[in-house]
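Chains, contacts and geometry: an overview
Chain by chain, the residues:
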Amino acid sequence: MIVRIYILLAAIFSKNMHSLRLKKSRICGLESAIKLLCLLFIFSLNACNIAKHLPENERLYAGTDIIVKADSTVSKTEKETIKEQLGALARPKPNKQIFGYPIKVGLYYLFGEPRKNGFRAWFRRKFGEEPVLASAKAISSNIPVWKATIQNDGYFGSNVTGSLQESGYKARGVYTVDVKQRYYVDSVGFLVDSTPARRALKVAGRKTLIKKGDPYRFDNIKLERERISQALKQRGFFYFLPDYIAILADNDSARHRTNLIFAIKPEMPEAAGVPYGIRNIFIYPNYNLSTAQTDTSLRQSYKSDERFTIVDSTHRFNPKLFRDIVTVQAGKRYNSRAQDLTLSRFINVGAFKFVRNRFEPDQQGDSAILDVHYYLTPYPAKSVRVEVDGTSRSNNFNGSQVTLSWRNRNAIKRAELLTINTTAGIEFQVGGGEQSITNYRLGADALLSFPRLVSPLRFRYDQRQALPKTNVTLSFQKIIRGGLYDLNSFQTTFGYSWRQNQQVEHSFQPFNVTYVRPSNISTAFLDSALNNLLTNPYIYQQYLTVSRSQQLILSSIYSFNYNTSLRSASATTFRLATNVEIAGNLANVFTNKRNDDGDKIIFNVPFAQFLRLDADARLYRKLTPKVTWANRLFAGLGITYGNSKGLQLPLTKQYFVGGSNSIRAFRPRAIGPGLFARDTIRDGQIFQDGGGDIKLEANTELRAKFTQYIEGAVFVDAGNIWTYSNNDIFGAAAQAKFSSDFIKQIAIGAGVGIRIDLSYFLVRFDLATPLRKPYKTNGNEWVINQIDFTNTDWRKRNLVFNIAVGYPF
């Protein structure tokens, strides 16, 4: 092989010497061919090198080939599933190859045998991979495993054979799988009698997972055993285990049907067949090793009611807390579901660092009983911490902030969490060029969270999950916007959050008050607005918008979240988040006082009146263990009416596009509403506070994990924003109002990204360029044909670099 490649190289050189005077493209083509042949030459040398270093009479294992010969009743899909399933079980796994060449094995042998330490040893460990040798023993070991796997799926009588096929210094495992006709379930029965456990088995059998006509699958039988075991544990059989259930299968080989019978084994321990009741419940809410002797002494105990006994000399917690948490009931039979729920609530309530329990069996007359002990180690009630965070916002403002937090985990003695935060931060705009500005943020907030519903109303929630929460917040934030103006906001909320089931979560804030007031509007802002009054009236309109942004928002918010990832380990995950906010209706009914502009006011402040709806749907598909396809679709609609008729949504409620978490090929707030745009870095305005009432956005991204820490991505983003009503701020040419021609105003961008995954957070670098602008550029919205990476001016105007923390969606 080496000689042949050498002769071919020499022939190419001699034949093409005169082509050095030909066109440059032909010379480049020749150089590429020479490089490729040189690469093949190196590979061939290393191939000989690998063969030379392999142990005598050994071959490098190159992979597994599976030939499926199936009965005519076995479908194509079933055959593909069998092949994929057996391929995943194949052992050993071969070395990775590039174009059939085991590159890491070549690097393993590149410098020969290393000494104990030194460069060779380091290079081998860092870049090489020990060769995986072919073994007939591995073939014979795979065969029984594969046969069992096929038969466990109902293909009884199937057979597997295999052998090694050698080729040069490599060998492959070649298997032939003879698949017989599949068996299906004909009936499911349960062997019962008058004993307590077998009577309980009869009741559990009514909800069997296995139905007549299902394919025979041993995995489903194991799941059914687990289900029956849990059903019996929920009926008091504390010591019952799945291993105590036997399965009898009666196969009809003529019809390829099987009858399944579930029965309790005769050798089951006596205690496993006895239902247990709960006698006493003891709770130790201040348990730790240093005080174990005093805080577990029953002399320090007291009964809050007939349900349980609390052993705590400090009376740290109000006994009502445990009435909310403990679902195990004295005087009732043991129930594993109630026990699991109790432990889950103790853990999720947030007041206890460690939770463990102990069951103490006893005999009371003819009845078997249990005493239950819960040992709870609480967190320190009060704590202070300082956090320094990196921030990344959707408008490309990045920076850092310092937060001083004080926390009380037992504010009113029922595990209420009181958190008080003070925050100071600085943010600078990435990708803004000379027009970038710097923001300063100052704020304080307080949150009081109750692990229960503080309401006369009743909400339906999943009692198998964490307790519902009632949240009360009070906050203030001051944004100093680049020396132009300050924006002050005060907010207070009262609301609830609860889970309906594992997939569905609700949040309802009936009371949400926000007061926004601008201050310290600079003369530079006013001068810029006046100087551009004729050339760019939008800046003046923005000045008016900010100066008149003092507003009161009285709203109620309902949120609905659905997440399939909590339900199963499927390769596909779907998430949906929806929000409904309605504001100003009650105020409009009960208020008649107006200001000079005719707006209704409360405390001399106009209030907003609107309806805001939005939905965020996300679909994630795991294509391979290292490649994920992520998609997002967002739609938002804001309708102003009444006291806000003809106006846009309040500034804090508007929608925006562009930036690191939106359409990454455009700077934040650089496009929209409609055809209005500020998307060129040179000509960008610093007053980017205008948004829209309607938003449509779609994103798709292919994410690949290269190493433990490095990920890559390619993505496409599309969307825009619009106003709900006619608005003179943006001018008639902008066509800012949403219309039937909205599809013609969609902006599209694409790009690539690198992500550094540091486990506790992810740093993202995305580079994107527009493919389609909402407005015409050189007579066309599509700008793909204008892409020119060699042009400096094009790069400045079109390449947008985003730095952010976390995934965009």
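With that settled, consider the overall build of the protein. Looking only at helices and strands, one finds 15 helices and 30 strands in the protein. Across the 809 residues of the protein, 43% fall into the buried class. Of all intrachain contacts in the protein linking residues separated by at least 6 positions in sequence, the fraction that spans at least 24 positions is 64%. Roughly 42900 Å² of accessible area belongs to the protein as shown, and the carbon and sulfur atoms make up 56% of that amount.

Turning our attention to the sheet that holds strand 6 (residues 257-264). In space, the three strands of this open sheet follow the order 4-6-5, with mixed pairing throughout. Unpaired on one side and paired on the other, strand 4 (184-191) and strand 5 (245-252) mark the two borders of the sheet. On average, each strand axis in the sheet is tilted by 20° relative to the strand beside it, whichever way the strands run. Sheet topology note: the strand 5/strand 6 ladder contains eight bridges and is antiparallel. Looking across to strand 6, one finds that Leu-248 is bridged to Ile-261. Contacting strand 4 and strand 6, helix 7 (residues 196-204) runs over the sheet at an angle of about 140° to strand 6.

On to unusual backbone geometry. Residue Pro-92 is bonded to the preceding Arg-91 through a cis peptide linkage, with omega at 0°. Along the polypeptide, Pro-92 turns up in the loop between helix 3 (76-89) and helix 4 (103-108). A cis geometry characterises the amide bond from Gly-672 onward to Pro-673, with omega recorded as 5°. Mapped onto the elements of the fold, Pro-673 is located in the loop between strand 24 (627-640) and strand 25 (694-705). Residue Phe-99 is not a glycine yet carries a positive backbone phi of 55°. Its place among the elements puts Phe-99 in the loop between helix 3 and helix 4. Overall, the relative accessible area of 84% leaves Phe-99 in the exposed class. Notably, Phe-603 is not glycine yet its phi reads approximately 55°, a positive angle. Within the element layout of this structure, Phe-603 appears in the loop between strand 21 (601-602) and strand 22 (605-606).

We now examine helix 6 (residues 136-152). Here helix 6 contains 17 residues, and its C-alpha end-to-end distance of 25 Å stays within 8% of the 24 Å for a straight helix at 1.5 Å per residue. Where helix 6 is concerned, the buried positions are Ala-138, Ile-139, Asn-142, Ile-143, Trp-146, Thr-149 and Ile-150. Seen along its axis, helix 6 keeps its buried residues to an arc of 145°; they face one direction. The distance from a side-chain oxygen at the start of helix 6 to the backbone nitrogen of Lys-137 is 3.2 Å, and the residue carrying that oxygen is Ser-135. Trailing helix 6 by a residue or two, Gly-154 shows a phi angle of about 95°, which is positive.

On inspection of all chains with the given rule, the structure shows 36 aromatic pairs. Measuring from centroid to centroid gives 5.1 Å for Phe-317 and Phe-352, while their planes differ by 45°, and the two rings are tilted. Here Phe-317, found in the loop between strand 9 (309-311) and helix 10 (320-325), pairs with Phe-352, found in strand 10 (residues 352-364); they are 35 residues apart in sequence, far enough to count as distant. Through successive ring pairs, a cluster of aromatic residues spans Phe-308, Phe-317, Phe-322, Phe-346, Phe-352 and Tyr-374.

With that settled, consider the packing of helix 7 against helix 8 (residues 218-233). In contact at an axis separation of 10 Å, helix 7 and helix 8 are set at 120° when each is read in the N-to-C sense. By the angle class used here, helix 7 and helix 8 are oblique. For the crossing formed where helix 7 meets helix 8, the hand is right-handed. Contacts between helix 7 and helix 8 pair Ala-197, Ala-200, Leu-201 and Ala-204 from the former with Arg-227, Ile-228, Ala-231 and Leu-232 from the latter. Residues of the contact of helix 7 with helix 8, tallied by class, amount to seven nonpolar, no polar and one charged.

Looking at the element boundaries, Glu-427 is found in strand 14 (residues 417-429). Exposure remark for Glu-427: the relative accessible area of 2% places this residue in the buried category. Note: C-alpha distance between Glu-427 and Ile-437 (ten residues apart in sequence) is 8.7 Å.

Let us look at a positive patch on the surface. A cluster of basic side chains, namely Arg-199, Lys-202, Arg-206, Arg-235 and Arg-333, defines a positive patch on the protein surface. Examined against the element boundaries, Arg-235 turns out to sit in the loop between helix 8 and strand 5.

Here we come to the side chain of Ser-405. Checked against the element boundaries, Ser-405 lands in strand 13 (residues 397-408). On the basis of relative accessibility, which here comes to 7%, the residue Ser-405 falls in the buried class. In this structure the side chain of Ser-405 is engaged in a polar contact, spanning 2.8 Å, whose partner is the side chain of Asn-421.

Take the sheet that holds strand 3 (residues 170-179) next. Read across the sheet, three strands follow the order 1-3-2 without closing on themselves; strand pairing throughout is mixed. At either margin of the open sheet sits one strand with a lone partner, and together these are strand 1 (60-70) and strand 2 (159-167). Ignoring strand direction, the axes of neighbouring strands in this sheet form an average angle of 20°. Examined bridge by bridge, strand 1 and strand 3 share ten bridges and lie parallel to one another. From the neighbouring strand, Ile-67 faces strand 3, where its bridge partner is Thr-176.

Looking now at the pattern of salt bridges. Under the criterion given, the structure shown has 34 salt bridges. A salt bridge links Glu-113 to Arg-124; the shortest N-O distance between them is 3.4 Å. Highlighted residues: Glu-113 in the loop between helix 4 and helix 5 (119-127) and Arg-124 in helix 5, separated in sequence by eleven residues. With relative accessibility at 12%, the residue Arg-124 sits in the buried group.

The next thing to look at is the environment of Thr-572. By the element assignment, Thr-572 lies in strand 20 (residues 572-583). The sequence separation of Thr-572 and Lys-622 amounts to 50 residues, and the corresponding C-alpha distance is 6.4 Å. Apart from the residues within four sequence positions on either side, Thr-572 is in contact with Thr-564, Leu-619, Tyr-620 and Arg-621. At a separation of 2.4 Å, a polar atom in the side chain of Thr-572 contacts the side chain of Arg-621.

This paragraph deals with the nonpolar core. Judged by nonpolar contacts, the single largest core of 27 residues is most densely connected at Ile-283, Leu-321, Phe-322, Phe-346, Phe-352 and Tyr-374. Counting residues per element, the ones that place at least two in this core are strand 7 (276-284), helix 10, helix 11 (336-348), strand 10 and strand 11 (367-378). With five residues, the single largest contributor to this core is strand 11.

Here is what the cut-offs are and how they apply
- Residues numbered from 1 in each chain as written.
- Predicted model: local features only at pLDDT ≥ 70, side-chain atom pairs only at ≥ 80, totals over all residues.
- Heavy atoms only, no water.
- Helix = DSSP H or I, 4+ residues; strand = E, 2+ residues; numbered from the N terminus.
- Buried < 20%, exposed > 50% of the residue type's maximum accessible area, 1.4 Å probe, protein only.
- Contact = heavy atoms within 4.5 Å.
- Areas by Shrake-Rupley, 256 points an atom, 1.4 Å probe, with all protein chains shown as cover.
- Pairing = 2+ DSSP bridges.
- Axes fitted to C-alpha atoms, helices over the stretch in contact; angles between N-to-C directions.
- Expected span 1.5 Å × (residues − 1).
- Arc of directions from axis to C-beta.
- Polar contact = N/O pair within 3.5 Å; in protein donor to acceptor, adjacent residues only side chain to side chain.
- Phe/Tyr/Trp six-rings, centres within 6.5 Å; stacked < 30°, edge-to-face > 60°.
- Parallel < 35°, antiparallel > 145°, perpendicular 65-115°, else oblique.
- Left-handed = near helix turned anticlockwise from the far one by under 90°.
- Nonpolar A, V, L, I, M, F, W, Y, C, P; charged D, E, K, R; others polar.
- Patch = residues over 30% accessible without salt bridge, like charges linked within 9 Å, V, L, I, M, F, W, Y side chains within 5 Å.
- Salt bridge = Lys/Arg side-chain N within 4 Å of Asp/Glu carboxyl O.
- Lys, Arg positive; Asp, Glu negative; His and termini not counted.
- Charge placed at Lys NZ, Arg CZ, Asp CG, Glu CD.
- Core = buried A, V, L, I, M, F, W, Y, C linked by side-chain atoms within 4.5 Å.

Without other data, these values stay purely geometric and don't point to any function.
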